[in-house]
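Coordinate analysis (summary)
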Amino acid sequence: MKFIVSSSALLKQLSAISGVITSNPVVPILENFLFEINDGALKVTASDLQTSMITEMDVEARESGNIAVPARILMDTLKNLPEQPVTFSIDEETYTIEISSDNGRYKLSGENATDFPRTPEVNDPYGVDVPADTLQNAIANTLFAVSNDELRPAMTGVYIQLRDTNATFVATDGHRLIRYRRVDVAADMDNNIIIPKKALNLLRTTLPSGATPVTIEFNASNAFFKFNNIKMICRLIDERFPDYENVIPVDNNNKMVINRMELLSSLKRIAIYANKTTHQVRLKITGNQLQISAEDLDFSNEAMERLSCDHDGEDIEIGFNARFLIEMLNNLDSTDVQLNLSKPNRAGLLIPRDKDENEDILMLVMPVMLNNYV
Amino acid sequence: MNGNKSGVNGAATLRKIIHVDMDAFFASVEQRDNPHLRGKPVAVGGSRERGVVAAASYEARKFGVRSAMPSSHAYRLCPHIIFVKPRFDAYKAVSRQIRKIFLEYTPLVEPLSLDEAYLDVTQPIIGPPSATLIAKEIKQRIREETGLTASAGISYNKFLAKVASDVQKPNGLTLVKPDEALAFISQLPVEKFYGIGKVTADKMHSLGIKTGADLRGWPEAKLVQLFGKSGRFYARLVQGIDERPVTPDRQRKSVGAENTFSQNLLQLEEMQAELDVIAGDVAERLHRLNQQGRTLTLKVKFSDFVQITRSLTLHQPIKEQEELHRLGCELLEGVDLEEKEVRLLGLTVSNLDLPDANGQLSIPF
């Protein structure tokens, strides 16, 4: 079997899907790309068993055939070749691959394509179309808060609730929770799925910019994302997501509005002086003034700043992990944000003041108990 | 800062731990505030038939009156004993005063109760460069600021510091130096060891283990076989090794209330009514601590002192009296009350919204 393809065009397609491949896969053949040639079309698959990515491109080929090609060597070769047509000659008996270019010839040994795990097919899928930039936003707004705790698998992915009037994306690591809702994405059937973190990370890096439509289809065990000539299939997390609506407080009547960038910069400075394990900062709101402070007793470091804010409610003093607040504020782009509090040991809510009419963002963060020495 | 290796031999950094224990705390506060009580045998606690002595003055102790003793027994030992109702607000005020003094010397203060605390003064904030001098200074200041006396024990771990504070009482100061530790432990009766209560002590006595020296003669494996995991802990203590760090801000793990009735309860309706009162107490405590929990435990003690508990865990935290009462009654329905008299009922809420070691609270899913 033989085919000819542009080195840079192939590299571009391989780069889009190579992120799936892990350095030490459970099955060694997963260190390969699966090449399948059919009627002048090359289909390449990369997989880690949980997630698979597939891309298709046209090549010059007279015959059909399949082969597994070592991913690392192939990518490195293509990266270092100047753009030119390269010829792949495959011996289907010995699985030897020979690449010829203007510069010379490279020989490597592949593996039997039939050993490559089969990618699941869509059976009775159920789908919804989302513009790429909308999906990109939803991922960016939630992914950072996903848990790494393997003991609570439900929380290691983003929970997506599809409804007839909206779609809600939820992520939590047990200390904070992000609820990102879109009213411009809707489905005609209610559905709840949990997409694993790795799949979303891959999507984030491969999704095209702009409003390119992304088709999301899923069945009980897998989700399929299709855009341009790329397809991603991932196994869903088959767990019950925590009952998140019940933990979002509704009576946080202590409301403070403040400029997001001012708060963010101040927190970044104060955090330098906070304890390196707890990252604890103290927010003290008195009247229309917010005092942010931190101390690290081990090094006798301390810092304090005062910011003005609009405050409606009683004076309050509450501790937070500075890194959580910084990450959350970084992910918003509203000029002003609102922090709704109730008590020093109850969840706080961070909400952007100005937002896209189609989106609704709510960030919940649990406080850190301040060690008030009697 | 915490948890330095602290064995007798080859220790890298020896810690300096002080255990401060107020002398006959409740009784001393009462004698301080009421001159008529000074020099007299005083017991703080309920004098009624079912009352218990919460604390006894040194004058009362001479007659053998001890804390946790039934009041009726105390009367028999010392007929002219004066019973005083406890005033917890007054004790708490003193407790805050002394804790404030401790915290001037070190942030590593672990209160054990209102009148006892461990201090790690390996790296004190202020004060003289010796743990003994710091202990002296603290005792002096407690005396000046509260008018009460305390006893202190100083050593390189919590176990030895605590035993040391009990050596000379009242108003004592005892130092156990690392090179004296083994000899000190040798003469120590086993019941003075941390974690050895009456039951374990009786078991040890029956095996001929009366002192630290006796205990040291037993191999660790044998102790583990006899006393389970604690056996290993005892084997280390007897070598003078106790690496438990002084941990400030001891976590409250549960909030509860119970009531011993002056007359045993026979009717379910009576018990339900009493549970409502107890639920009210628990709800109030939860409210004061701004806490809620997901596990509710019912405790029932019968007239024959047999005690049982029943508990349930919920998805959502609870804190309101009505809920506590309703669920408490549900738990009570699961108890076989046939021909039984109930002497005590209690409700405890646990599984609280607790912060982790860094103080970070979790979402109550």
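The structure contained in this document is the topic of the report that follows. Position labels on residues start from 1 in each chain and follow its written sequence. Note on labels: chains are lettered from A, ligands numbered from 1, in written order. Only residues with pLDDT of at least 70 are given local features in this predicted model, and only at 80 or more are side-chain atom pairs given and counted; all residues enter the totals for whole chains, interfaces and linings. To get the side-chain values, all heavy atoms of the structure are used, and hydrogens and water are removed first.

**Describing the overall build of chain B**
Operational definition: For helices the rule is a DSSP run of H or I covering at least 4 residues; for strands it is a run of E covering at least 2, with both sets numbered from the N terminus onward. It only takes one pair of heavy atoms within 4.5 Å for two residues to be counted as in contact. Using a 1.4 Å probe, accessible areas were evaluated by the Shrake-Rupley method; residue-level cover was limited to the displayed protein chains.
When you go through chain B residue by residue, the secondary structure sums to 13 helices and 12 strands. Contacts in chain B between residues at least 24 apart in sequence constitute 63% of all its contacts with a sequence separation of at least 6. Of the roughly 18100 Å² of accessible surface on chain B, a fraction of 50% belongs to carbon and sulfur atoms.

**Here we look at the packing of aromatic side chains**
This is how the line gets drawn: Pairs were defined over the aromatic rings of Phe, Tyr and Trp, the Trp ring being its six-membered one, requiring ring centres within 6.5 Å. Orientation was assigned from the angle between planes: stacked under 30 degrees, edge-to-face over 60, tilted for the rest. The classification of residues rests on relative accessible area computed with a 1.4 Å probe and restricted to protein chains. Under 20% of the type maximum is buried, over 50% is exposed, and intermediate values are partly exposed. Remark: a charge is flagged as sitting over a ring if the NZ atom of Lys or the CZ atom of Arg is within 6 Å of the ring centre and within 35 degrees of the ring normal.
Taken as a whole, this structure holds 16 aromatic pairs over all chains when the rule is applied. Considering the side-chain rings of F241(A) and Y244(A), the 6.4 Å spacing of their centres and the 75 degrees angle between planes classify their relative orientation as edge-to-face. Accessibility assignment for this pair places F241(A) and Y244(A) in one class, buried. These aromatic residues form a ring-pair network of at least three members: F25(B), F26(B), F88(B) and Y91(B). If you follow R244(B) out to its NZ or CZ, it ends over the ring of Y194(B), 3.9 Å from the centre.

**A few points about the sheet that holds strand 18 (residues 254-259) of chain A**
Residue and element names in this part refer to chain A. So the rule is basically this: Two strands qualify as a pair provided that DSSP identifies no fewer than 2 bridges between them. Note on method: axes are straight lines fitted to C-alpha atoms, helices fitted across the in-contact stretch only, with angles between N-to-C directions ranging 0 to 180 degrees.
Taken in spatial order, the 9 strands of this open sheet run 14-11-12-13-26-25-24-18-22, and their pairing is antiparallel. Looking at which strands have only one partner, the edges of the open sheet turn out to be strand 14 (191-196) and strand 22 (310-312). Averaged over all adjacent pairs, the angle separating strand axes in this sheet is 15 degrees, with direction ignored. Bridging between strand 18 and strand 24 (residues 336-341) involves 6 bridges; their strand directions are antiparallel. Looking across to strand 24, one finds that K255 is bridged to N340. Contacting strand 11 (157-162), strand 12 (167-172), strand 13 (176-182) and strand 26 (359-365), helix 3 (residues 132-142) crosses the sheet at an angle of about 165 degrees to strand 13.

**Topic: the packing of helix 1 (residues 7-17) of chain A against helix 2 (residues 71-79) of chain A**
Residue and element names in this part refer to chain A. For clarity, the threshold we go by: The labels follow the angle: roughly parallel below 35 degrees, roughly antiparallel above 145, roughly perpendicular from 65 to 115, and oblique for the rest. Left-handed describes a crossing whose near helix is turned anticlockwise from the far helix through less than a right angle; right-handed describes the clockwise counterpart.
Contact geometry for helix 1 and helix 2: axes closest at 9 Å, N-to-C directions at 135 degrees. When the axis of helix 1 is compared with that of helix 2, the two are oblique. The handedness of the crossing between helix 1 and helix 2 comes out as left-handed. From helix 1, S7, L10, L11, L14 and S15 reach across to helix 2, where they touch L74, M75, L78 and K79.

**Structural notes on the layout of surface pockets**
All names here are of chain B. Using the following cut-off: Points on a 1 Å grid, built from protein atoms alone, make a cavity when a 1.4 Å probe fits but cannot get out and make a pocket when they are open with protein on both sides within 12 Å along at least 5 of 7 lines; residues with an atom within 4 Å of a point are the lining residues. Grid points are joined across faces, edges and corners, and a volume is the space filled by probe spheres set on the points. Put simply, Ala, Val, Leu, Ile, Met, Phe, Trp, Tyr, Cys and Pro go in the nonpolar bin, Asp, Glu, Lys and Arg in the charged bin, and everything else, Gly too, in the polar bin.
In this structure, the second largest pocket spans a volume of roughly 790 Å³. Lining the second largest pocket are 28 residues, and of these D21, R61, E116, D166 and K169 sit closest to its centre. Looking at the lining of the second largest pocket, the elements with two or more residues in it are strand 1 (17-22), helix 1 (25-33), strand 3 (53-56), helix 2 (58-61) and helix 6 (158-165). In terms of residue count, helix 6 provides more of the lining of the second largest pocket than any other element does, 4 residues in total. Its residues assigned to classes, the lining of the second largest pocket comprises 13 nonpolar, 4 polar and 11 charged.

**So, the interface of chain A and chain B**
Basically, it comes down to this: Summed over both partners, the accessible area (1.4 Å probe) lost when two parts come together is defined as the buried area. By definition, a salt bridge exists where a carboxyl oxygen of Asp or Glu is found within 4 Å of a side-chain nitrogen of Lys or Arg. Two N or O atoms form a polar contact when they lie within 3.5 Å of each other; inside protein one atom must be a possible hydrogen donor and the other a possible acceptor, and for residues adjacent in sequence the pair counts only when both atoms belong to side chains.
Listed by partner, the interface residues are 28 residues for chain A and 22 residues for chain B. Contact between chain A and chain B buries roughly 2100 Å² in total, counting both sides, with carbon and sulfur atoms accounting for 59%. Taken together, the connections running from chain A to chain B amount to 0 salt bridges. One can count 6 residue pairs in polar contact (both at pLDDT 80 or more) joining chain A with chain B. Split by residue class, the side of chain A that touches chain B holds 13 nonpolar, 9 polar and 6 charged.

**A look at the nonpolar core**
All names here are of chain A. Spelled out, the test is: By nonpolar core we mean a set of buried residues, namely Ala, Val, Leu, Ile, Met, Phe, Trp, Tyr and Cys, connected to one another through side-chain atoms within 4.5 Å.
Core analysis: the largest hydrophobic core is formed by 103 residues, its most contacted members being F33 and F35. No other element matches the 6 residues that helix 6 (residues 322-330) contributes to this core. Setting aside chain neighbours within four positions, we find F35 in contact with F3, L10, L14, L42, K43, V44, G65, N66, I67, V69 and L74.

**Concerning the environment of M304(A)**
Looking at the secondary structure, you find M304(A) in strand 21 (residues 301-308). Distance in space between the C-alpha atoms of M304(A) and S266(A) is 9.2 Å, their sequence separation being 38 residues.

**Some details on the pattern of salt bridges**
Tallied over the entire structure, the rule returns 29 salt bridges over all chains. Linking D184(A) and R182(A) is a salt bridge whose minimum nitrogen-to-oxygen distance equals 2.7 Å. Using a relative accessible area of 38% as the deciding quantity, one classes D184(A) as partly exposed. The salt bridge involving R141(B) is made with E104(B); its shortest N-O contact spans 2.9 Å. Residue R141(B) is located in helix 5 (residues 131-146), and its partner E104(B) is located in helix 4 (residues 88-105); the two are separated by 37 residues in the primary sequence. Residue classification places R141(B) among the buried positions, given a relative accessible area of 17%. A relative accessible area of 35% means that E104(B) is categorised as partly exposed.

**A look at unusual backbone geometry**
All names here are of chain B. Cis geometry is adopted by the peptide bond preceding P170, which originates at K169 and carries an omega value of -5 degrees. With respect to the helices and strands, the residue P170 is situated in the loop between helix 6 and strand 8 (173-175). One non-glycine residue with positive phi stands out, namely N171, at about 55 degrees. Considering the arrangement of structural elements, one finds N171 in the loop between helix 6 and strand 8. Of note, the phi angle at E339 is positive, near 55 degrees, even though the residue is not glycine. In this fold, E339 is placed in the loop between helix 13 (321-333) and strand 12 (342-352). For E339, a relative accessible area of 79% puts it in the exposed group.

**Brief notes about the packing of helix 5 (residues 260-271) of chain A against helix 6 of chain A**
Axes are the key here: two packed helices are described by the angle between their axes and the distance separating the axes. Residues and elements named next belong to chain A. Closest axis-to-axis distance for the helix 5/helix 6 pair is 10 Å, and the angle between their directions is 150 degrees. Our classification of the angle between helix 5 and helix 6 gives roughly antiparallel. The handedness of the crossing between helix 5 and helix 6 is left-handed. Here R260, L263, L264, L267, K268 and A271 of helix 5 come into contact with helix 6, specifically with A322, L325, I326, L329 and N330. Class assignment of the residues belonging to the contact of helix 5 with helix 6 gives a composition of 8 nonpolar, 1 polar and 2 charged.

**Comments concerning a nonpolar patch on the surface**
Let me state the cut-off plainly: In this analysis, a patch consists of residues with relative accessible area above 30% that form no salt bridge, clustered at 9 Å for like charges and at 5 Å for the nonpolar side chains Val, Leu, Ile, Met, Phe, Trp and Tyr.
Where nonpolar side chains cluster on the molecular surface, the patch consists of V26(A), V27(A) and L49(A) and spans about 250 Å² of accessible area. Counting through the fold element by element, L49(A) comes out in the loop between strand 3 (41-47) and strand 4 (51-58).

**Things to note about the side chain of T200(B)**
Residues and elements named next belong to chain B. Secondary-structure assignment places T200 in helix 8 (residues 198-206). Exposure remark for T200: the relative accessible area of 18% places this residue in the buried category. Leave out the neighbours within four places in its chain, and T200 touches F227 and Y234.

**What about empty space enclosed by the protein?**
Per the stated rule, a full pass over the model turns up 3 cavities of 30 Å³ or more. Counted as a void, the largest cavity has a volume near 60 Å³. Lining of the largest cavity is provided by V128(A), V130(A), I160(A), L162(A), F169(A), V185(A), I193(A), I216(A) and F218(A). Only strand 10 (126-131), strand 11 and strand 15 (213-218) of chain A provide two or more residues apiece to the lining of the largest cavity. Here the residues of the lining of the largest cavity sort into 9 nonpolar, no polar and no charged. Of the pockets and cavities examined, the second largest cavity occupies roughly 40 Å³. Taken together, I98(B), R99(B), F102(B), V109(B), P111(B), S113(B), L114(B), D115(B), E116(B) and A117(B) form the lining of the second largest cavity. When residues of the lining of the second largest cavity are traced back to their parent elements, those giving at least two are helix 4, strand 5 (109-113) and strand 6 (116-120) of chain B.

From the geometry alone we can't say anything about function, so treat these as descriptive.
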